[in-house]
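What follows is the residue order along each chain.
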Amino acid sequence: MNASLRRTLWISRVTFLEAVRQRFFAFLLVLGAAMVLSSVSLRVFDFGHGELKFIADFGFGGMFFFGSVLAVVMTAQLFFSEIDNKTALTLLAKPLSRAEFLLGKFFGAWAVLGVFLVVLAGLQGLVLWAREQELIAMAEQSGKIPATFSVLGLGQLVLMQWLRLGVVIAIVLAISALARTFLFAVVVGSLAVVAGQLQWIAQDAFLRPTDSQAYAAFLWVSTRLIPNLQQFNLADALVLGSAAVEEGALIAVGFSGLAYLVAYLTLGALIFRRREI
Amino acid sequence: MSAAISVRHLTKDFRIGLRGLKLRAVDDLSLEIPRGQVFGLLGPNGCGKSTTLKIVLGLVSATAGEISILGESYATSAARRRTGFLPEAPYFHKFLTGRELVRYCAQLSGVAAGDLDAAVEDALGLAAMSEAAARPIGTYSKGMLQRIGFAQAVVHDPELVILDEPTAGVDPVGSAAIGRMIDAMRTKGKTVVLCSHLLGQVEQICDRVAIMDRGKLVLEGAVEDVLARRDRHVLTVEAMTPAARAAAEAALEAHGAKLTSVTHPRRSLEDLFRELVTGSRDA
């Protein structure tokens, strides 16, 4: 194995071990799991939607929200704990490049988010499957065909969400490489996630004709600088089959996410290279 | 052979605050640290010692000046592969055991997989940490933290070892143990650069010293040369009586010399402490 890759993997391994020991990770995992499990008992408040859709929306909403919080806060914390505790001094005095260090942090944090998603999605799948079996049994008696959920779609959704959180981690690392304090990185990182969720508004506005060159330039820059995080939210379509998702569309979303991920990691590495430890 | 560290006209300015006020931490420093010696870099807090070491290691950028390590350009992977570093007040991941930390650092330093086990055990043995290596670092005392820090710094058998305040906060017994480790590195032909406020220990261990103040080099040379007062002499006399003293004074005056003080030799408090608590270990 390439020496650089090996060093990156060692950093990510220790980062992963550090992250999974954090109470914050355990707290959000328990909170997310509680939200998934409580969706069954709260389904009476389904506002007229299908039961499975309500359960899926509720559970995936928790996974999506707590995953975002974890990606922002945990990534900034993992980065600043190395800087503030001066463990970065020990590590970066070794033949380890700044880019390898940052990549190691990225992969460690991304692996933790992968565990978070797999656990919660697995739990969500179990809840959906159990309720589906009950609905099928009831439908057989009444003769109605119930909505079903797709295990393959659930897997695709986990991958899409993982990629989305990977983009968030890359953005937070780029911000952390520049920021002087943990709080600044968390606040700006959170704003970046909100901006990413609302990016489609700028995209819509950009497509409408305007007389102002400055406004058009602002929208052009915004729509390219900020990734559209909303495009990864395909829970209904993928898991419950509420709309057909073409394979090409999934691949396009995947490439878009990877492009942003690589771009923000590169930016972070360039900023971090000049940082004084 | 090139010097272990060569610094020429090094200057470092830090920008402070929104207005970018300039603080000069290192001011036109030129220094040659020869190979195979223990070199003490001394000075009061804030004199620029640690900044100089961080620049040499590529952790902080220089404003101006030229630096080379073991003949190679500084801040490169090649130079860092041949260098070990123990930072001031080291902090390591508490959940790792001592052995896991040293292994982790060995892997980052490029120790070959086949040599890994032997290198880790050698470094742990040198730092006298073999027995405690299976314990999590969170359970270590201050002295043990410094010793495990020393082990991670030397695990890849570097030619140059830089130790920033290795004895800070360590009791005299632990401090003496670190002194022995430094001595062992010298015996192996390594170059050791040591920043310390324990001047007594520096005097005992170092071959050469440099003293910095306000970012500038104020003195550099071999310890013997910089400490010796060539115009004064010390005679140690046993069983001296008043008559013998008077005779000695008269004899000295007859040759134009003058006895200026007569005192009893003292041992240092550190020596006394170490003598009394010999064998105690910090665990």
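Residues numbered from 1 in each chain as written. Chains lettered and ligands numbered in written order. Predicted model: local features only at pLDDT ≥ 70, side-chain atom pairs only at ≥ 80, totals over all residues. Heavy atoms only, no water.

A. Fine view of the overall build of chain A. The number of helices and strands found in chain A is 11 helices and zero strands. Secondary structure elements of chain A, listed N to C terminal, follow the sequence α-α-α-α-α-α-α-α-α-α-α. For 277 residues, the compact-globule estimate of 2.2 N^0.38 gives 19 Å, and the C-alpha radius of gyration of chain A, at 21 Å, lies within 12% of that figure. With the principal axes as the frame, chain A shows a C-alpha extent of 70 × 55 × 35 Å. Every one of the 277 residues in chain A was classed for burial, and the buried ones make up 48%. Restricting the contact set of chain A to residue pairs at least 6 apart, pairs at least 24 apart contribute 82%. For chain A, the accessible surface area stands at approximately 13300 Å², while carbon and sulfur atoms represent 70% of it. Here chain A contributes 20 positive and 16 negative side-chain charges, whose respective centroids are spaced 15 Å apart. (Helix = DSSP H or I, 4+ residues; strand = E, 2+ residues; numbered from the N terminus. Rg over C-alpha atoms; globule rule 2.2 N^0.38 Å. Buried < 20%, exposed > 50% of the residue type's maximum accessible area, 1.4 Å probe, protein only. Contact = heavy atoms within 4.5 Å. Areas by Shrake-Rupley, 256 points an atom, 1.4 Å probe, with all protein chains shown as cover. Lys, Arg positive; Asp, Glu negative; His and termini not counted. Charge placed at Lys NZ, Arg CZ, Asp CG, Glu CD.)

B. Region of the structure containing the sheet that holds strand 4 (residues 64-69) of chain B. All names here are of chain B. Overall, antiparallel pairing links the four strands, which are arranged 2-1-4-5 in an open sheet. Only two strands of the sheet have a single neighbouring strand rather than two, namely strand 2 (21-33) and strand 5 (72-73). With nine bridges joining them, strand 1 (residues 5-16) and strand 2 adopt antiparallel strand pairing. Counterpart to I5 in the pairing with strand 2 is I33. On top of the sheet, helix 1 (residues 49-56) reaches strand 1, strand 2 and strand 4; it is set at about 110° to strand 1, its chief contact. (Pairing = 2+ DSSP bridges. Axes fitted to C-alpha atoms, helices over the stretch in contact; angles between N-to-C directions.)

C. Region of interest: the interface of chain A and chain B. Each partner contributes residues to the interface: chain A has 22 residues there, and chain B has 23 residues. A combined buried area of about 2400 Å² lies between chain A and chain B, and 62% of that area is made up of carbon and sulfur atoms. Between A:E276 and B:K12 there is a salt bridge, and its shortest N-O distance comes to 2.5 Å. One can count seven residue pairs in polar contact (both at pLDDT 80 or more) joining chain A with chain B. At the level of elements, helix 1 (3-20) and helix 4 (87-92) of chain A are the ones that each hand at least two residues to the side of chain A that touches chain B. (Buried area = accessible area lost by both parts, 1.4 Å probe. Salt bridge = Lys/Arg side-chain N within 4 Å of Asp/Glu carboxyl O. Polar contact = N/O pair within 3.5 Å; in protein donor to acceptor, adjacent residues only side chain to side chain.)

D. Local environment of the pairing of strand 10 (residues 216-222) of chain B. Residues and elements named next belong to chain B. By the bridge criterion, six bridges tie strand 9 (residues 208-213) to strand 10 in an arrangement that is antiparallel. When the sheet's bridge partners are listed, M212 is paired in strand 10 with L217. What sits between the antiparallel neighbours strand 9 and strand 10 is a turn of two residues, in which R214 has the positive phi angle 50°.

E. Structural view of helix 5 (residues 142-154) of chain B. With 13 residues, helix 5 of chain B extends 19 Å from end C-alpha to end C-alpha; this agrees with the ideal 18 Å at 1.5 Å per step. With respect to burial, helix 5 of chain B is a largely interior element, 11 of its 13 residues being buried. Within helix 5 of chain B, the full set of buried residues consists of B:G143, B:M144, B:Q146, B:R147, B:I148, B:G149, B:F150, B:A151, B:Q152, B:A153 and B:V154. Looking at the packing, one finds that the buried side of helix 5 of chain B touches helix 4 of chain A together with strand 6 (83-86), helix 3 (98-108), helix 4 (116-126), strand 7 (160-164) and helix 6 (172-187) of chain B. (Expected span 1.5 Å × (residues − 1).)

F. How the structure looks around the packing of aromatic side chains. All names here are of chain A. Under the counting rule described, the total for this entry stands at eight aromatic pairs over all chains. The interplanar angle of 70° and the centroid separation of 5.2 Å between the aromatic rings of F106 and F107 together place this pair among those described as edge-to-face. Accessibility expressed as a relative area gives 35% for F107, which makes it partly exposed. Ring geometry for W110 versus W162: centroids 4.2 Å apart, planes at 15°, classification stacked. Separated by 52 residues along the polypeptide, W110 in helix 5 (residues 98-142) and W162 in helix 6 (residues 151-178) bring together distant segments of the chain. One aromatic cluster is present, built from ring pairs that chain together F79, F80, F101 and F272. (Phe/Tyr/Trp six-rings, centres within 6.5 Å; stacked < 30°, edge-to-face > 60°.)

G. A look at the sheet that holds strand 7 of chain B. All names here are of chain B. If you trace the six strands from one edge of the open sheet to the other, you get 6-7-8-3-9-10, paired in mixed fashion. Edge positions in the open sheet fall to strand 6 and strand 10, since each of these has one partner strand only. Put simply, the sheet's adjacent strands are angled 15° from each other on average, direction ignored. Pairing analysis gives four bridges linking strand 3 (residues 38-42) to strand 9, with the strands arranged parallel. When the bridges of strand 9 are listed, G40 appears paired with V209. Lying on the sheet, helix 1 is in contact with strand 3, strand 7, strand 8 (191-195) and strand 9; it crosses strand 7 at an angle near 145°. Along the sheet, helix 6 contacts strand 3, strand 7 and strand 8; its crossing angle with strand 8, the most-contacted strand, is approximately 150°.

H. Quick look at the packing of helix 3 of chain B against helix 4 of chain B. Residues and elements named next belong to chain B. Two elements in contact, helix 3 and helix 4, have axes whose closest approach is 10 Å; the angle formed by their N-to-C orientations is 125°. Comparing their axes, helix 4 and helix 3 come out oblique. The two elements helix 3 and helix 4 cross, and the hand of that crossing is right-handed. Within the contact between the two elements, helix 3 uses R99, V102, R103, A106 and Q107 and helix 4 uses L116, D117, V120, E121, A123 and L124. (Parallel < 35°, antiparallel > 145°, perpendicular 65-115°, else oblique. Left-handed = near helix turned anticlockwise from the far one by under 90°.)

I. Seen up close, the environment of B:V218. Residues and elements named next belong to chain B. Locating V218 in the fold gives a position in strand 10. For V218, a relative accessible area of 53% gives the class exposed. Note: C-alpha distance between V218 and G46 (172 residues apart in sequence) is 15 Å. Discounting chain neighbours no more than four positions away, the residues touching V218 are I211, M212 and D213.

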